[in-house]
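Chain by chain, the residues run as shown.
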Amino acid sequence: MSTDKKKAHFDTVNLHSDRRDKPEHGALHRATHTSIAFEYDDARELAAVFQGKRPGYNYARQQNPTVNALQKRVTQMEQGSATVAFATGMAAIGSIFFSLLRAGDHVVSSAFLFGNTNSLFNTFRNLGVDVSFVDATDAANVAEAITDRTKLVFVETIANPVTQVADLQKIGELCAQKQLIYVVDNTITTPSLFSPKSVGASFVVNSLSKYFGGHGDALGGAVTDTGLYDWAQYPNIFDNYKTGDSHSWGLTQIKKKGLRDFGATLAPEAAHTLALGSETLSLRVERACANALALAQFCEAHPRVRSVNYPGLPSHPQHQRATDLFKQFGALMSIELHEEIDCFDFLNQLEFVVSSSNLGDTRTLAIPVAHTIFYEMGAERRASMGIPDSLIRIAVGIENIDDLIADFSQALA
Ligand SMILES: *Cc1c(COP(=O)(O)O)cnc(C)c1O
């Protein structure tokens, strides 16, 4: 057993992350710093901070010690080089696009996307950034969509709600070969199940609101730079940010544009809550994944359930890929019931399972997706994403599995 920080395991490094930076008074947790501005005895020091010549804090829209401590944790968990935290996961994704793309650029995105990400990408289409949506379970579809204007490829690891698993490894090889920015949304798998850096991701996105914080009580998002992309040849970097190692320029620009100019800043109170929640990330995820697998197996064997989408089942089209890539299969699944059962009646019949839109909470939450979170996009786009009207998404929590199965059993009876 080693006490070397570099050799220690994921949980150990995460738990001791705050301490390593010696917080004030020997505190074991980072203080929640709520000051917007910071004082300097020597005005020259203040100027040096503004000019990036020495580290320090100037205004909390751009930097805050509590948020910095959280960023450091996420960086360690994702084995990255640096992280910028945002007010939400959507702010993180939006800031990548807003900071690094210009009118005329083209993006290839997985068609199987979080609903609001899909909506955001359509907004960017109106601003002159063209987005092609493809079936990213096969890298050949991504390759086919690439043009000489393509700058970036965006995928989710396990897509919500049908649980398609993107062809992560091959898309990574393709992006490396074509020098494209490769963005992987790791929200559903979290750094405790999968490292997007291992498949060549340039940036890892995490919605910290979900499993990372894990208690459904604080919003946040993060972009982690894996350090793999070299920005020296990338045309959209402003000259101001071409300082130091060219592998860091992209994240610097995201920070300047997304935080300083756009103001999508994470509040320190939320950063503290998220950091605290993240200390039990792998414990919670392990339990939730085990529950999800057992519940998926129960549902698949039940005569009143027509179909189950869960990467842990051998019947899932990307089961082998998920087995190869992920430590466990995630805690998100979706089911379709037989026609005679109304999905609303079924949800109302459940006792412990809560009808709610979130995922990554400690509690099991369920939602009829076509009527709620995927309602606005319309029937045609839903059909292209493989979302039938009766589909129920289940975000499995950490309850005792016997109680969850008993609840499903009585609701299906
Ligand atoms: C929730 C979610 C987001 C957005 O995160 P917010 O923190 O809610 O803004 C992005 N991607 C995925 C996969 C998500 O589940």
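Engineer: Would you mind showing me how to read the overall build of the chain here?
Structural biologist: From N to C terminus, the chain includes 17 helices and 12 strands. On C-alpha atoms alone, the chain measures out to a radius of gyration of 22 Å, which is about the 22 Å that the 2.2 N^0.38 rule sets for 413 residues. Each of the three principal axes of the chain carries a C-alpha extent, and together these read 75 × 55 × 40 Å. Counting over 413 residues, the chain shows a buried share of 53%. At a minimum sequence separation of 6, the contacts of the chain that also span at least 24 residues come to 70%.

Engineer: Sorry if this is basic, but what is going on with the pairing of strand β4 (residues 150-156) here?
Structural biologist: Taken residue by residue, a regular strand's side chains alternate between the two faces of the sheet. Burial analysis of β4 places seven of its seven residues in the buried class, which makes it a mostly covered element. Across four bridges, strand β2 (residues 106-110) lies against β4 in parallel orientation. By the bridge assignment for β4, S109 is matched with F154. Sheet topology places β4 next to strand β5 (residues 181-185); five bridges connect them, and they run parallel. Its bridge partner lying in β5, L152 is registered against I181. One crossover worth recording links β4 to the parallel β5 by way of helix α8 (residues 168-178), and it is right-handed.

Engineer: Is there a simple way to explain the domain arrangement of the chain in this structure?
Structural biologist: Note: interface size is frequently given as the accessible area lost on complex formation between the parts. For the chain, the assigned domains read domain 1 (10-278) and domain 2 (281-412). Averaged C-alpha coordinates put domain 1 and domain 2 at centres separated by 28 Å. Residue-level contacts link 41 residues of domain 1 with 39 residues of domain 2. Surface buried jointly by domain 1 and domain 2 totals about 3,100 Å² across both partners, of which 60% is contributed by carbon and sulfur atoms.

Engineer: Can you help me understand the side chain of E78 in this one?
Structural biologist: Locating E78 in the fold gives a position in the loop between α4 (65-77) and β1 (82-86). One buried charge, E78, has no salt-bridge partner; the nearest side chain with opposite charge is K197, at 9.5 Å. A distance of 2.9 Å separates a polar atom in the side chain of E78 from a polar atom in the side chain of N186. A polar atom in the side chain of E78 sits 2.9 Å from the side chain of N206. The contact partners of E78, leaving out residues within four places of it in the chain, are N186, P191, F194, S195, P196, K197, V204, N206 and T224.

Thresholds, definitions, all that
Numbering of residues begins from 1 in every chain and follows the order in which that chain's sequence is written. Two thresholds apply to this predicted model, a pLDDT of at least 70 for residue-level local features and 80 or more for giving and counting side-chain atom pairs, whereas whole-chain, interface and lining totals are computed over all residues. To get the side-chain values, all heavy atoms of the structure are used, and hydrogens and water are removed first. Note on conventions: DSSP H or I runs of at least 4 residues are helices, E runs of at least 2 residues are strands, and numbering of each starts at the N terminus. Radius of gyration here uses only the C-alpha atoms, and the compact-globule reference equals 2.2 Å multiplied by the residue count raised to the power 0.38. Note on classification: 1.4 Å probe, protein chains only; a residue is buried when its accessible area is under 20% of the maximum for its type, exposed when over 50%, partly exposed between these limits. By the convention used here, residues are in contact when the closest approach between their heavy atoms is within 4.5 Å. Here, any two strands with at least 2 DSSP bridges between them count as paired. Note on handedness: a crossover is taken as right-handed if, strands pointing away from the viewer, the path from the first strand over the helix to the second is clockwise. Throughout the structure description, domain borders are defined by an automatic or database domain assignment. As used here, buried area is the combined drop in accessible area, with a 1.4 Å probe, of two parts when they are placed together. Note that His is not counted, nor are the chain ends; the positive residues are Lys and Arg, and the negative ones are Asp and Glu. The working definition used for a salt bridge is a side-chain nitrogen of Lys or Arg within 4 Å of a carboxyl oxygen of Asp or Glu. By the criterion applied in these results, polar contacts are pairs of N or O atoms within 3.5 Å in which, for protein atoms, one can donate a hydrogen and the other can accept it, and in which residues neighboring in sequence qualify only through two side-chain atoms.

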